[in-house]
Structures are given as C-alpha cells and as structure tokens.
Amino acid sequence: MEVWKCGSNSINDKRPFMIRIVFFLCCVLLTKEVVSQQITLDSAIAIAMRNSPGLAISKNIVDIAGINNNYGIAGGLPVVQSVNSVSEQLTSLQQTYSNPANNKSSTNASSNQINAGLAASVPVYAGGRIVNEKNRLGAVVSQTQQQYISRVQTLIYTVMLKYYDIVRQQEYVKTLDASIKASRQRLEIVKQQQNIGVANDADLFQSQVDLNTQIQNLIAQQLVIDQDKTDLLTLMVLNPDSAIMVKDTILVNKDIKLDSILSAAYQNPDIQAAYQQIQINQYLEKEVGAYRYPSVSANLGYNFSHTSNPQGFNILNQQYGPYLGLGLTIPIFNGGIYKRQQQIAGINVNSAQLQKDTLILNVHSTAVKNWQAYLNNLKQLETAKQNYDLSQKLLNLVLMKFNYKAATIVDVTLAQQSFESAGFQMVNVNFAAKAAEIQLRRLANQLP
C-alpha cells in the first residue's frame, strides 16, 4: 500500500509542471495570434517580387541591354569631333643669305599658331556588320527579358513551395492536437479506473509519459513552423524576426493535362533564352565575317589654321575651308584572324543549338516526371483521406473499448500511432501533389 501511495504522489508532483508547460504554450500561441500579421499567398508573392534584390539586378541587366540596343553602339551613326589647338613659342632666329642685306637674326621672338577643325565620319558600307550588330543587340534585349521572366517564375515557385510547406506543417499540428486530446482522454480513463481499483501505476505512468512525449512533439513541430516562416520572410526580404500568420489550405488542381504542359513548355523563358542565344551567335558569326569585306566611309569637315610669326620670313599664314572625301578600307591579309574568328563563331552557333536541344529535353523530362508524381499523389490522396478518417474512427472506438476495459493501453497506443501516421501521410501526399502541380505550371510559364 505504501508503494502504491508513493507512486500516486509522484504522478501528482508532475501535474503542476505539465500544467505550466501547457499554460506556457497556450500563452505563446495566443500572443503570436494577437501580434502576428496574416500573410496570404498573393501578398507573399507580391512582397517578394517587390523586395527581391535578385529581381532588381536582373531588371538592371534588362535596362542595360535596352540602352545598348542603339545604332550608335552598333557603329551605324556618324562620328563628329572637333580638334583644336593653340600654341605660343619663343624662337631665336638666325638667317644668313648670299646677299648680306637679307640676313636677319632675332632672340626670343614670339610666334603664335592656332588650329581648329570639325570632322565627321559617316559609315556608308561595312559589309553588313552594322545591321547584324544592331540585330544582335536587339536579340540580347529579348534574351535578358526572358532571363528576367525566368527569375520571376523561379522566385514565385520558391515562395509558393515555402508558403504551402508552412500550411503542411500546421496541418501536422492539427493531427498532434487531436492525438494529444486522445492522450488526455486516455489518462483520465486510467485515473478513473485507478480510483475504482482496476488500473495500476504502470498504466498511469505510461499514459502520462505518452502525453508528455506528444506535447514535446508539438513544441518541436512549432519550431519547424517558426523556421519555415523565417525562410518565407527571408524570401520576402523582410525582417526574419517578424511575426506572421498563415491561414490556408492546400487545394490541388486536378485538371492539369500533360499535353498542354508539354506544348506550353516551349514558351518556358529558359528555352526562349536558349533560342535567343542561337540568334545572338548567328549575328556574331555574320559580324565577324563582315570584317573580311571592304568598308566605305564618307569624311567631311571644316579646317582652320592660323600661324603668326612677326619675326619670321612669313609674318602670317592662315588657311581655312571645308573638305569632303571618301575613305575605302580593303582588308587584304591579317594572318587569317577574321577567317578563324568566323569559324569559331560558327562552332558557337552549333553549341548553342545543342544546348537548346538539351534544355528542351530536360524540361520535357522534368515535366513528365512531375506529371507522374502529380498523378500518383492524386491517386494516393484519396486513399490517404480514407485511411485518416478510418484511423480516427478506430482511435475513438479503441478509446471507448478501453474505457470499458475491452482494450488494453497497448491497443490505444497503436491506434494513436496509426492515426498520427495516417494524418502525416495525408498531409504529405497532398503537399507532394501540390508541389508537382506548381512545378508543372512553372515549366509551362503559367505561374501568376
């Protein structure tokens, strides 16, 4: 009898501690509920896109490409420049002639020279180099735009996965809460049975240990949720210590068709950027080839020259007037550099085509695998929901039987484990189906 009493007191000593733990958890959760800001999926995506430094950098690259897309950069506009100079000189002069009367000498005689000119060079013909370079600059703009779209799609994809992962982890909490509720019910049943002398300390101890373990699991699960929220805040470029609240459910679109995904995959920004790279390399090949052809330019301008030398033979010499001419450059031989550069550019075109084909194959392969995962998880989801409902009914039934001593504490523990496993499986399968759906939509460039 003393041992029984001592065991009973040891349990009673733990009750205040457990009550404090539960009270602390409730206070933490309630506090967060009050001060937390609710975040929806749309707002998370909008904030991430607005604050992302990666997107800002990518947008800057697009802007730079747009600025470079100009005929002046391509060398197709006239070049006008003004060259001016002024010089003052001190010259000692000694001039001796056959006629001594003409001899002349001076010391530190000053002279002044002014030169001014306005020159313009206008390209007339460059073997098609200017046109191809301008087309290449336009292709670079299109490529950077596709790369920017790819960054946007990737960011949205990452935010959506993390957002729905938070939802998944919170669904785990619901299962744990239901299991904790069952454990409390089991503990109360054991206490009632002990009061009438049909239960022992072993059942009481086991029930309390199981409850404590599940409470610890709940605390650990809250850490997972908090860290997921920190990851989401980081993606949104917000203070990682901010308090946010996510209230949502995972709804999977069940109408996705593989054919439509594969057809739309050709509009994937990465594939479009690969097509643009082929065009860029083709224009580069033509640009290099154009250097092997003659080039013609028109040169015009106006020159002014003024030389003043009071102590010299010519006191003043002044020239001015416009000029106009044509310049013709004919490449004859430069060691075969242009020819080899053109061959290398042709090889780069072939490499870009191979990279594009490989990328298309990889995108289609990824789409097919995610489609297979999508279908498989949808099939599993129906079974997982049935198992969850059945395991919940089983747990309630076993608890009822346990209350009437028709089931053992082991039966209750196994039923609880089945219930938790079914709950976790249902949430995981639902999340996996949603993740596959999001990936398919990203490959088809269909994310919001």
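All values derive from a computational prediction rather than experimental measurement.

K.L.:
Got a minute to help me understand the side chain of asparagine 132 in this structure?
P.N.:
By the secondary structure assignment, asparagine 132 is in helix H4 (residues 129-195). Once you skip the residues sitting within four places of it in the chain, asparagine 132 turns out to touch Tyr283, Lys286 and Glu287.

K.L.:
How should the packing of helix H2 (residues 41-51) against H4 be read in this particular structure?
P.N.:
Packed helix pairs are specified by the crossing angle of their axes together with the interaxial distance, meaning the distance between the axes. With their axes 10 Å apart at the nearest point, H2 and H4 run at an angle of 140 degrees to one another. In terms of axis orientation, H2 runs oblique to H4. Relative to H4, the crossing made by H2 is right-handed. Along the contact surface, H2 presents Leu41, Ala44, Ile45, Ala48 and Met49, while H4 presents Val152, Leu155, Ile156, Val159, Met160, Tyr163 and Tyr164. Class assignment of the residues belonging to the contact of H2 with H4 gives a composition of 12 nonpolar, no polar and no charged.

K.L.:
Would you take a moment to explain the layout of surface pockets for this structure?
P.N.:
Which parts of space are left empty comes out when a probe the size of a water molecule is rolled across the atoms. In this structure, the second largest pocket spans a volume of roughly 230 Å³. Lining the second largest pocket are Val167, Glu171, Thr249, Ile250, Leu251, Val252, Lys254, Leu381, Lys385, Met426, Val427 and Asn430. For the lining of the second largest pocket, the leading source of residues is helix H9 (residues 409-443), giving 3 residues. Residues that form the lining of the second largest pocket fall into these classes: 7 nonpolar, 2 polar and 3 charged.

K.L.:
When you look at the packing of aromatic side chains in this model, what are you seeing that I'm missing?
P.N.:
Both the distance between ring centres and the angle between the ring planes are used here to describe each pair of aromatic rings. A full pass over the atoms with the stated rule returns 6 aromatic pairs. Positioned above the aromatic ring of phenylalanine 431 is the side chain of arginine 168, whose terminal nitrogen or guanidinium carbon lies 4.0 Å from the ring centre. Across from the ring centre of tyrosine 157, 5.0 Å away, lies the NZ or CZ of arginine 442, which sits over that ring.

K.L.:
What's the story with empty space enclosed by the protein in this structure? I'm lost.
P.N.:
Counted under the stated rule, the structure contains 1 cavity of 30 Å³ or more. Around the largest cavity sit Ser150, Gln153, Thr154, Asn268, Pro269, Asp270 and Arg442, which together line it. For the lining of the largest cavity, the elements supplying multiple residues, two or more each, are H4 and helix H7 (269-290). Among the elements that make up the lining of the largest cavity, the one with the highest residue count is H4 (3 residues). Split by residue class, the lining of the largest cavity holds 1 nonpolar, 4 polar and 2 charged.

K.L.:
I would appreciate a short explanation of the confidence of the model for the protein chain in the present structure.
P.N.:
Close inspection of predicted coordinates is inappropriate for parts of the model with low pLDDT. The pLDDT averaged across the protein chain works out to 88; a share of 91% of its residues lies at or above 70. Predicted confidence for residues 1-19 stays below pLDDT 50, and this span has 15 contacts to residues more than four positions away or in other chains. Of the regions scoring below 50 in pLDDT, residues 27-34 engages in 5 contacts with residues more than four places distant in sequence or in other chains.

K.L.:
Help me understand H9, please; the structure alone is not making it clear to me.
P.N.:
In an α-helix, one turn spans 3.6 residues, which is why side chains three or four residues apart end up on the same side. The end-to-end C-alpha distance of H9 is 51 Å, a good match for the 51 Å that 35 residues give at a rise of 1.5 Å each. After H9 finishes, the residue asparagine 445 shows a positive phi value of roughly 55 degrees.

K.L.:
For this particular structure, what's the right way to read the environment of tyrosine 148?
P.N.:
Note on placement: tyrosine 148 falls in helix H4. Measuring from C-alpha to C-alpha, the distance between tyrosine 148 and leucine 55 comes to 7.1 Å, with 93 residues separating the pair along the chain.

K.L.:
Teacher, can you tell me more about the pattern of salt bridges here?
P.N.:
Opposite charge on two side chains lets them pair, provided their charged atoms get close. If you walk through the whole model with that rule in mind, you get 14 salt bridges. A salt bridge links lysine 59 to aspartate 63; the shortest N-O distance between them is 2.9 Å. With a gap of 4 residues between them, lysine 59 and aspartate 63 both fall in helix H3 (residues 53-68), about one helical turn apart. Accessibility expressed as a relative area gives 36% for lysine 59, which makes it partly exposed. Residue classification places aspartate 63 among the partly exposed positions, given a relative accessible area of 35%. Within the structure, one salt-bridge network assembled from shared partners comprises Arg129, Glu133, Arg136 and Glu287.

How each quantity is defined
- Residues numbered from 1 in each chain as written.
- Predicted model: local features only at pLDDT ≥ 70, side-chain atom pairs only at ≥ 80, totals over all residues.
- Heavy atoms only, no water.
- Helix = DSSP H or I, 4+ residues; strand = E, 2+ residues; numbered from the N terminus.
- Contact = heavy atoms within 4.5 Å.
- Axes fitted to C-alpha atoms, helices over the stretch in contact; angles between N-to-C directions.
- Parallel < 35°, antiparallel > 145°, perpendicular 65-115°, else oblique.
- Left-handed = near helix turned anticlockwise from the far one by under 90°.
- Nonpolar A, V, L, I, M, F, W, Y, C, P; charged D, E, K, R; others polar.
- 1 Å grid on protein atoms, 1.4 Å probe; cavity = no way out; pocket = protein on both sides within 12 Å on 5 of 7 lines; lining within 4 Å.
- Points joined across faces, edges and corners; volume = space filled by probe spheres on them.
- Phe/Tyr/Trp six-rings, centres within 6.5 Å; stacked < 30°, edge-to-face > 60°.
- Lys NZ or Arg CZ within 6 Å of the ring centre and 35° of its normal.
- pLDDT = per-residue confidence, 0-100.
- Expected span 1.5 Å × (residues − 1).
- Salt bridge = Lys/Arg side-chain N within 4 Å of Asp/Glu carboxyl O.
- Buried < 20%, exposed > 50% of the residue type's maximum accessible area, 1.4 Å probe, protein only.

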